[in-house]
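Structural overview for review
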Amino acid sequence: MEELDRSRAFGKDVKRIVVKVGTAVVTGKGGRLALGRLGALCEQLAELNSDGFEVILVSSGAVGLGRQRLRYRQLVNSSFADLQKPQTELDGKACAGVGQSSLMAYYETMFDQLDVTAAQLLVNDSSFRDKEFRQQLNETVKPMLDLRVIPIFNENDAISTRRAPYQDSSGIFWDNDSLAALLALELKADLLILLSDVEGLYTGPPSDPNSKLIHTFVKEKHQDEITFGDKSRLGRGGMTAKVKAAVNAAYAGIPVIITSGYSAENIDKVLRGLRVGTLFHQDARLWAPITDSSARDMAVAARESSRKLQALTSEDRNKILHDIADALEANEKTIKAENELDVAAAQEAGFEESLVARLVMTPGKISSLAASVRKLAEMEDPIGRVLKKTEVADGLLLEKTSSPLGVLLVIFESRPDALVRIASLAIRSGNGLLLKGGKEARRSNAILHKVITDAIPETVGGKLIGLVTSREEIPDLLKLDDIIDLVIPRGSNKLVSHIKNSPKIPVLGHADGICHVYVDKSGKLDMAKRIVSDAKLDYRAACNAMGTRLVHKDLEQEGVLNELIFALQTNGVTLYGGPRASAVLSIPEARSFHHEYCSKACTVEVVEDVYGAIDHIHRHGSGHTDCIVTEDPEVAELFLRQVDSAAVFHNASTRFSDGFRFGLGAEVGISTSRIHARGPVGVEKLLTTRWLMRGNGQVVDGNNGIVYTHKDLPVLQRTEAVENGI
């Protein structure tokens, strides 16, 4: 469930890179050079070179290439009779000698076309035993790198005294993978990239459909679990050799990535911190769990932790929230730095402006979140409140009490601040929580989750709040109706609709936030301008932002409509009209009234009267939040009573439809459902009820001998009970 920002794993100051390319990447079918792949590789390395990186290349492929050329020469020089005889295996040393010159000739030709100078350096295993050789190696390579020359290393197999199978334990290196790792250490590289013919390290042979790509190698976890396939059919290494070399380099302090050399942009993706291939790092065990947690394991752990949370006193639960608020403020710089990386990545990826706007944690956001968490802590404890007390019979008392739901699964997009609000609500209501945020906010979500769970005492455990980082785990979670009690999706219509159609677990949420502001003929112009502008511009990406403005027909004739339009246009709002408004105002016609903009745009339409407005809202609205601006109390009451939405306002911006602004402390989402909760969902709606009965030996016995009184008894508030010593 781990998902790591790779750029943090090997630091932001990567300068010297060792890239090793395997035989299977260099050569294609029949041992011939894979010209397209090699050309793309050379272009990547040339670009890195021009960007100021110091690039060192370790290239296999000489033996395979030489074998192909010598087979051709053997065929040309053989008689027909010779060809009928069994063919002897070509000497690997001769193949290396012939292939090395051909391989280097290609590199020189290709790099010359890219205005890059390359140098060939052939080394032997035994040379590295010599301290003076290692010193000379550094003295030779340094001026090359200073002049932006790319050194190309290979083992000098042609004259090496070692023979197959190259498994002698006395060797300093035993193939080009281990040579690359050794060079990375000797030359003090910042990063080692091993290019293979597969995406990375898998749990089993890559051809096995049950094998999964390992994104981060944890030695303590994976070294005894991996089943390797056959060694390379072309070179002498294979994945076993790569893993051994990667582990040695990583645990000596050089981060390593094993990834595919078949993808033209993988090196660039690695340097941009994208999750490609398998990462080897000396601190990997700190980032990924030693044992896998399945979806069920996470949910079970959250439930167990929630029961520990419920067992705490109210004061102890309050302290957890205060500790979280303090931790947020103490880690503000780190949180903002991670959020800035998310925002930059989203902008670079070309995400929509509305999504980027939801992603940004604006100045003051952390302190605002901390304040909302503290306000939750100061509210009356919602757990165990006596809601109703009844005398069932003489001496037999029944209480209806508030109780946590159990485990919540909240799936949300973009807004990392939602993670804090949801987590604090879960803690306040005594619920376990599983969170799945959008990939665009993965860095922000990861650091916020860490800050919050680190503040939870060990008596409860950080597993109270689980962070799901893989989309593939969602289907498994949605099947856990025996553990997860409620699913709350927050995000796009597509996300919410998909979740509602999937699980056996109850779903709470809304698919769209299509909010209306209707300006009646008696509405004050200045007030209407303020409300409309605030509803659209205060936070245009929010689900409670105005999507459609409806205007009474009389305001069109009085010129008020034009003033209202001008107020929005001067603030850069793009306007679309319904059939009537587009004709009057000469603005583009909206493709649909049922559209949530989440941007600086809205729809305008003219209606006959309040009844026309109500009818429009019922036909095209989403039941979220709708508002009327009017000075006529009868029209206002008609609108408030008849508009069938979760929140209906009179002379107030739709932006007030929010759990914090309603005094709920925070909200886990806004529900347009009619069952269980409607509108902003705060602490109270994350609770259910239990029945507690206290007697002194009563039995039913066919209702004989018992007189039911069913008398309601007064319910003392918690503070009154404490004062009375109860």
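The structure displayed is predicted, hence computed values, not measured ones.

**Digging into the pattern of salt bridges**
- Throughout the structure, instances matching the rule amount to 31 salt bridges.
- Taking the shortest distance from any N to any O, the salt bridge between Arg421 and Asp417 comes out at 3.6 Å. One end of the pair is Arg421 and the other is Asp417, both in helix H18 (residues 417-429) and four residues apart, which spans about a single turn.
- Classification of Arg421 as buried rests on a relative accessible area of 16%.
- Asp417 sits in the buried class, given a relative accessible area of 3%.
- One network of salt bridges, with partners in common, ties together Lys365, Arg415, Asp417 and Arg421.

**What to know about the sheet that holds strand S17 (residues 574-577)**
- What the six strands build is an open sheet, ordered S17-S18-S16-S15-S19-S20; its pairing is parallel. Either end of the sheet is taken by a strand with one partner, and the two such strands are S17 and strand S20 (647-650). Going from strand to strand, the sheet's axes swing by 20° on average, the running direction of each strand aside.
- Both strand S15 (residues 515-519) and strand S19 (residues 625-629) contribute to a ladder of four bridges, which runs parallel. Residue Val519 lies in a different strand from S19, and its bridge partner there is Val629.
- Helix H24 (residues 560-569) contacts S15, strand S16 (546-552), S17 and strand S18 (601-607) of the sheet and is inclined by roughly 160° relative to S16.

**Observations regarding the pairing of S16**
- The element S16 is extensively covered by neighbouring structure, given that seven of its seven residues are classed as buried.
- Looking at chain direction, S15 and S16 are connected through five bridges and run parallel. Residue pairing across strands places Cys515 opposite Met546, the latter belonging to S16.
- Bridge count between S16 and S18: five bridges; the pairing is parallel. Residue Leu550 lies in a different strand from S18, and its bridge partner there is Glu605.

**Here we look at the packing of helix H3 (residues 35-50) against helix H6 (residues 92-113)**
- For the pair H3 and H6, interaxial distance at closest approach is 10 Å and the crossing angle is 55°. Considering their axes alone, H3 and H6 lie oblique with respect to each other. Crossing of H3 over H6 shows right-handed handedness. Where H3 abuts H6, its residues Leu35, Leu38, Gly39, Leu41, Cys42 and Leu45 lie against Tyr106, Tyr107, Met110 and Phe111.
- Looking at the contact of H3 with H6, its residues break down into nine nonpolar, one polar and no charged.

Thresholds, definitions, all that
Residues numbered from 1 in each chain as written. Predicted model: local features only at pLDDT ≥ 70, side-chain atom pairs only at ≥ 80, totals over all residues. Heavy atoms only, no water. Salt bridge = Lys/Arg side-chain N within 4 Å of Asp/Glu carboxyl O. Helix = DSSP H or I, 4+ residues; strand = E, 2+ residues; numbered from the N terminus. Buried < 20%, exposed > 50% of the residue type's maximum accessible area, 1.4 Å probe, protein only. Pairing = 2+ DSSP bridges. Axes fitted to C-alpha atoms, helices over the stretch in contact; angles between N-to-C directions. Contact = heavy atoms within 4.5 Å. Parallel < 35°, antiparallel > 145°, perpendicular 65-115°, else oblique. Left-handed = near helix turned anticlockwise from the far one by under 90°. Nonpolar A, V, L, I, M, F, W, Y, C, P; charged D, E, K, R; others polar.

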